[in-house]
Amino acid sequence: QVQPVESGGGLVQAGGSLRLSCTASGSFTINAMGWYRQAPGKQRELVATITKAGTTDYADSVKGRFTISRDNLRNTMYLQMNSLKPDDTAVYYCKVSAMMRDYWGQGTQVTVSS
């Protein structure tokens with residue numbers, strides 16, 4: 001039973017920063033974790049992923065601004081978001097890959113004002 005829980009969303013002005021967290025503690029091994037986002041009227045898109053070994057991948061739209069990291073012992077993932085833009089506004093979802101399945105959190109709202 002895996003229940004990812006996101007936190008850290010909120011309202012911020014353009015150019016500001018936020019740090020998102022996702023925790024999925026339990027007696028299981030997480031292969032990979034990732035952040036996705038979905039804006040109203042748009043498809044859900046990949047933001048960043050990180051494997052257990054630490055390999056990262058970023059969407060082109062966030063490269064150089066966002067940093068994904070992971071605490072394997074706590075099954076916790078972070079997304080440091082800097083230089084935020086209005087088009088970063090979306091619900092951000094944590095995805096946990098474990099036990100040959102994907103598990104999604106409920107999402108946390110990030111709103112960037114211009």
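Placed above this text is the structure.
Residues numbered from 1 in each chain as written. Predicted model: local features only at pLDDT ≥ 70, side-chain atom pairs only at ≥ 80, totals over all residues. Heavy atoms only, no water.

K.L.:
Can you break down the pairing of strand β8 (residues 76–81) residue by residue, with the values?
P.N.:
When you tally the buried positions in β8, you get five out of six residues, the bulk of the element. The sheet contact formed by strand β3 (residues 18–23) and β8 spans six bridges and is antiparallel. Residue Thr 23 lies in a different strand from β8, and its bridge partner there is Thr 76. Strand direction decides the pairing type here: strand β7 (residues 66–71) and β8, joined by six bridges, are antiparallel. Across the sheet, the residue bridging to Phe 66 is Met 81, located in β8. (Buried < 20%, exposed > 50% of the residue type's maximum accessible area, 1.4 Å probe, protein only. Helix = DSSP H or I, 4+ residues; strand = E, 2+ residues; numbered from the N terminus. Pairing = 2+ DSSP bridges.)

K.L.:
Provide a residue-level description of the sheet that holds β3, including the pertinent values.
P.N.:
Strand order in the open sheet formed by four strands is β1-β3-β8-β7, with antiparallel pairing between adjacent strands. The open sheet has two edge strands, β1 (5–7) and β7, and neither has a second partner. The mean inter-strand angle of the sheet, taken between neighbouring strand axes irrespective of direction, is 15°. (Axes fitted to C-alpha atoms, helices over the stretch in contact; angles between N-to-C directions.)

K.L.:
Mind laying out the state of the cysteines, listing which residues take part and the relevant values?
P.N.:
The full count for this structure, using the stated rule, is one disulfide. Across the disulfide from Cys 22 sits Cys 94; the S-S distance is 1.9 Å. Handedness here is read from the sign of the S-S torsion; for Cys 22 and Cys 94, about -70°, the answer is left-handed. Of this pair, Cys 22 sits in strand β3 while Cys 94 is found in strand β9 (residues 90–98), placing the two residues 72 residues apart along the sequence. (Disulfide = S-S within 2.5 Å.)

K.L.:
Before we move on, could you go through the side chain of Glu 6 and cite the residues and values that matter?
P.N.:
Checked against the element boundaries, Glu 6 lands in strand β1. Within the structure, Glu 6 has its side chain in polar contact with the backbone nitrogen of Gln 106 (distance 3.2 Å). Of note is the side chain of Glu 6, whose polar atom sits 2.9 Å from the backbone nitrogen of Gly 107. Leaving out residues up to four positions away in the same chain, Glu 6 has contacts with Ser 21, Cys 22, Trp 35, Tyr 92, Tyr 93, Cys 94, Gly 105, Gln 106, Gly 107 and Thr 108. (Polar contact = N/O pair within 3.5 Å; in protein donor to acceptor, adjacent residues only side chain to side chain. Contact = heavy atoms within 4.5 Å.)

K.L.:
Can you explain the packing of aromatic side chains? Please cite residues and give values.
P.N.:
With the rule as written, the count across this model stands at one aromatic pair. A cation sits over an aromatic face here: Arg 19 above Tyr 78, 4.0 Å from the ring centre. Across from the ring centre of Tyr 93, 3.8 Å away, lies the NZ or CZ of Arg 44, which sits over that ring. (Phe/Tyr/Trp six-rings, centres within 6.5 Å; stacked < 30°, edge-to-face > 60°. Lys NZ or Arg CZ within 6 Å of the ring centre and 35° of its normal.)

Purely geometric stuff here, so don't read any function into it on its own.
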